[in-house]
Amino acid sequence: MLTSALSWRWVLFVNIPIGVAAIVAAAAWLPESRAGRGTAARLDVGGAVAVTAGLGVLIYAIIGTDTYPWGSARTLSLLGAAVLLLAGFAIIELRLARTPLMPFGLFRSRSLSGANIVMFLVGAAFFSMWYFLSLYLQNVLGDSALKTGLAFLPMGVTIMIGAQASS
């Protein structure tokens, strides 16, 4: 409905009220957020900045490949900067952070690592399918953005029901 009424860019603003509601709910109901109120919070600011900057630069490099080829100096330098920032994140998490954002010891569990790999592949397959299917429905069949969104609704509802039932 947003893309039909306004433009596709408005779908990016949907996350703002959801994020604000999640922050308010977390502050109110999560015990971890309440426990830190009386004590000094030990946030891993260095790790958060490093991983956010690293992933941001990586995404920026990949998105820019439509203008600058993969082998161009710009793309390669951005990819190098992303690797350095993400390596810095790993160093911060492994050696410097008292309360790391990502405790790498979790990856010692083979079942957890295997499940993460499988879910990564499932997510990649689903997002690829939704992307190409939306292009097919809109560009080949001529459906509107609203009709395409409604066509995806049964699949989304089924995934939500399946996730709740399987847990």
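Details of the structure are given in the entry above.
Right, let's walk through the structure included here.

Analysis parameters
- Residues numbered from 1 in each chain as written.
- Predicted model: local features only at pLDDT ≥ 70, side-chain atom pairs only at ≥ 80, totals over all residues.
- Heavy atoms only, no water.
- Axes fitted to C-alpha atoms, helices over the stretch in contact; angles between N-to-C directions.
- Helix = DSSP H or I, 4+ residues; strand = E, 2+ residues; numbered from the N terminus.
- Parallel < 35°, antiparallel > 145°, perpendicular 65-115°, else oblique.
- Left-handed = near helix turned anticlockwise from the far one by under 90°.
- Contact = heavy atoms within 4.5 Å.
- Nonpolar A, V, L, I, M, F, W, Y, C, P; charged D, E, K, R; others polar.
- Salt bridge = Lys/Arg side-chain N within 4 Å of Asp/Glu carboxyl O.
- Buried < 20%, exposed > 50% of the residue type's maximum accessible area, 1.4 Å probe, protein only.
- 1 Å grid on protein atoms, 1.4 Å probe; cavity = no way out; pocket = protein on both sides within 12 Å on 5 of 7 lines; lining within 4 Å.
- Points joined across faces, edges and corners; volume = space filled by probe spheres on them.
- Expected span 1.5 Å × (residues − 1).
- Arc of directions from axis to C-beta.

### Observations regarding the packing of helix H4 (residues 45-63) against helix H5 (residues 73-96)
Remark: H4 packs on H5, axes separated minimally by 8 Å, with the N-to-C direction vectors making an angle of 160°. Considering the angle they form, H4 stands roughly antiparallel to H5. In this structure, H4 meets H5 at a crossing whose hand is left-handed. Between H4 and H5, the residues in contact are Gly46, Gly47, Ala50, Val51, Ala53, Gly54, Leu55, Val57, Leu58, Tyr60 and Ala61 and Arg74, Thr75, Leu78, Leu79, Ala81, Ala82, Leu85, Leu86, Phe89, Ile92 and Glu93, respectively. Its residues assigned to classes, the contact of H4 with H5 shows 16 nonpolar, four polar and two charged.

### A word on the pattern of salt bridges
Here the structure, examined in full by the defined rule, presents one salt bridge. Ionic pairing is found between aspartate 143 and lysine 147, a salt bridge with its closest N-O pair at 3.7 Å. Relative accessible area serves as the criterion here: at 19%, aspartate 143 is assigned to the buried category.

### So, the layout of surface pockets
As a volume, the largest pocket reaches approximately 480 Å³. Taken together, 13 residues make up the lining of the largest pocket; nearest its centre are Thr3, Trp8, Val11, Ser134 and Gln138. Those elements giving two or more residues to the lining of the largest pocket turn out to be helix H1 (2-5), helix H6 (110-140) and helix H7 (145-166). Of the residues that constitute the lining of the largest pocket, the class distribution is eight nonpolar, five polar and no charged.

### Examining H4
Structural remark: α-helix, 3.6 residues per turn; residues separated by three or four positions point the same way. Across its 19 residues, H4 extends 27 Å between first and last C-alpha, which sits within 8% of the 27 Å expected from 1.5 Å per residue. Where H4 is concerned, the buried positions are Gly47, Ala50, Val51, Gly54 and Ala61. End-on view of H4: buried residues confined to an arc of 100°, all on one side of the axis. Facing away from the buried side of H4 by over 90 degrees, the exposed positions are Val45, Val49, Thr52, Tyr60 and Ile63. Summarising the contacts, the buried residues of H4 are in contact with H5.

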